[in-house]
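# Observations on the model geometry
Residue-level listing of the chains:
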Amino acid sequence: MSANSPEPPQRVDVVLLKGGRTKIRYAADLLTDDGTRVTVRAPWAGDGVRDFGFVRFEPGDVFTEHYWRDRWYSVKEVRTADGTLKGWYCDITRPATLNGAELVVEDLDLDLWVSADGKEVLRLDEDEFEESGLRERDPEAASAAMTALNDLERLARPRGAGNGATSHGRPAPDTQHSFPPL
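Residues numbered from 1 in each chain as written. Predicted model: local features only at pLDDT ≥ 70, side-chain atom pairs only at ≥ 80, totals over all residues. Heavy atoms only, no water.

### So, the pattern of salt bridges
Counted by the stated rule, this structure contains 20 salt bridges. Note that D109 is salt-bridged to K18, the shortest N-O span being 3.0 Å. A residue pair is termed long-range when its members are at least 10 positions apart, and D109 in strand 10 (residues 102–115) and K18 in strand 1 (residues 10–18) qualify at 91 residues. Look at D109 and you get buried, because its relative accessible area is 10%. Residue D61 pairs with K86 through a salt bridge whose shortest N-O separation is 2.7 Å. (Salt bridge = Lys/Arg side-chain N within 4 Å of Asp/Glu carboxyl O. Helix = DSSP H or I, 4+ residues; strand = E, 2+ residues; numbered from the N terminus. Buried < 20%, exposed > 50% of the residue type's maximum accessible area, 1.4 Å probe, protein only.)

What follows is the structure, encoded as structure tokens:
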């Protein structure tokens, strides 16, 4: 390999925990790690097609996933095999940790979908969140999760549709009020 040849991407295992158990584990290419945000790319890791009604994840789809060590969410850009943007699937999670070759994230049940054209912004799985018992077990984490969902939704809405400050009165994570908040 010459000095000008790009290094092959480092591989990591993304480990998504839910309720203390591994929900899914899959290999991904580590694209960047700036000490705060870790970005990986992986093909759709599910079995077959998953049709949510508002979007279908299917073999050939490519996910570019952004995880933060200081934010309570991850943002996954979803594209078809030919590169067409489907949208962004956002998981509300505890801040991520990268331990060696394992990127570990704990799913807190709340999700947000933002379509490629920005016209659909859907809050998902709020019933699962309520049933999880997190509010009783860990009220601080539950509050951080709800704040993260509200902030992401605010960022995803078109300008003038409530974007601006977070529920704590501080500027939202991305002061340009654009989506995704990278």
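### Re unusual backbone geometry
Generally, phi is negative for residues other than glycine and the peptide bonds are trans, each holding for most cases. We note that D109 has phi near 80°; this positive angle belongs to a residue other than glycine. The backbone of D125 sits at a positive phi, close to 65°, despite the residue not being glycine. The topology assignment puts D125 in the loop between strand 11 (121–124) and helix 1 (126–131). Residue D125 is classed as partly exposed on the basis of its relative accessible area of 25%.

### A short note on the environment of A116
With respect to the helices and strands, the residue A116 is situated in the loop between strand 10 and strand 11. Between the C-alpha atom of A116 and that of W88, which follows or precedes it by 28 residues, the distance is 7.2 Å. Apart from residues no more than four positions distant in its own chain, A116 is found in contact with L85, K86, G87 and W88. (Contact = heavy atoms within 4.5 Å.)

### Some thoughts on the environment of R25
Tracing the chain through its elements places R25 in strand 2 (residues 21–33). The exposure class assigned to R25 is partly exposed, which follows from its relative accessible area of 43%. Counting along the chain gives twelve residues from R25 to D13, while the straight-line C-alpha distance between them is 6.4 Å. In this view, R25 contacts D13, V14, V15 and E102; residues no more than four positions away in its chain are not counted. At a separation of 3.4 Å, a polar atom in the side chain of R25 contacts the side chain of D13. Of note is the side chain of R25, whose polar atom sits 2.9 Å from the side chain of E102. (Polar contact = N/O pair within 3.5 Å; in protein donor to acceptor, adjacent residues only side chain to side chain.)

### As for the confidence of the model for the protein chain
With 84% of its residues at a pLDDT of 70 or more, the protein chain has an overall mean of 88. Per-element averaging of pLDDT across the protein chain places strand 4 (residues 50–51) at the bottom with 94 and strand 6 (residues 62–68) at the top with 98. Across residues 161–177 the pLDDT falls below 50, and counting only partners more than four positions away or on other chains, this stretch makes 30 contacts in the model. (pLDDT = per-residue confidence, 0-100.)

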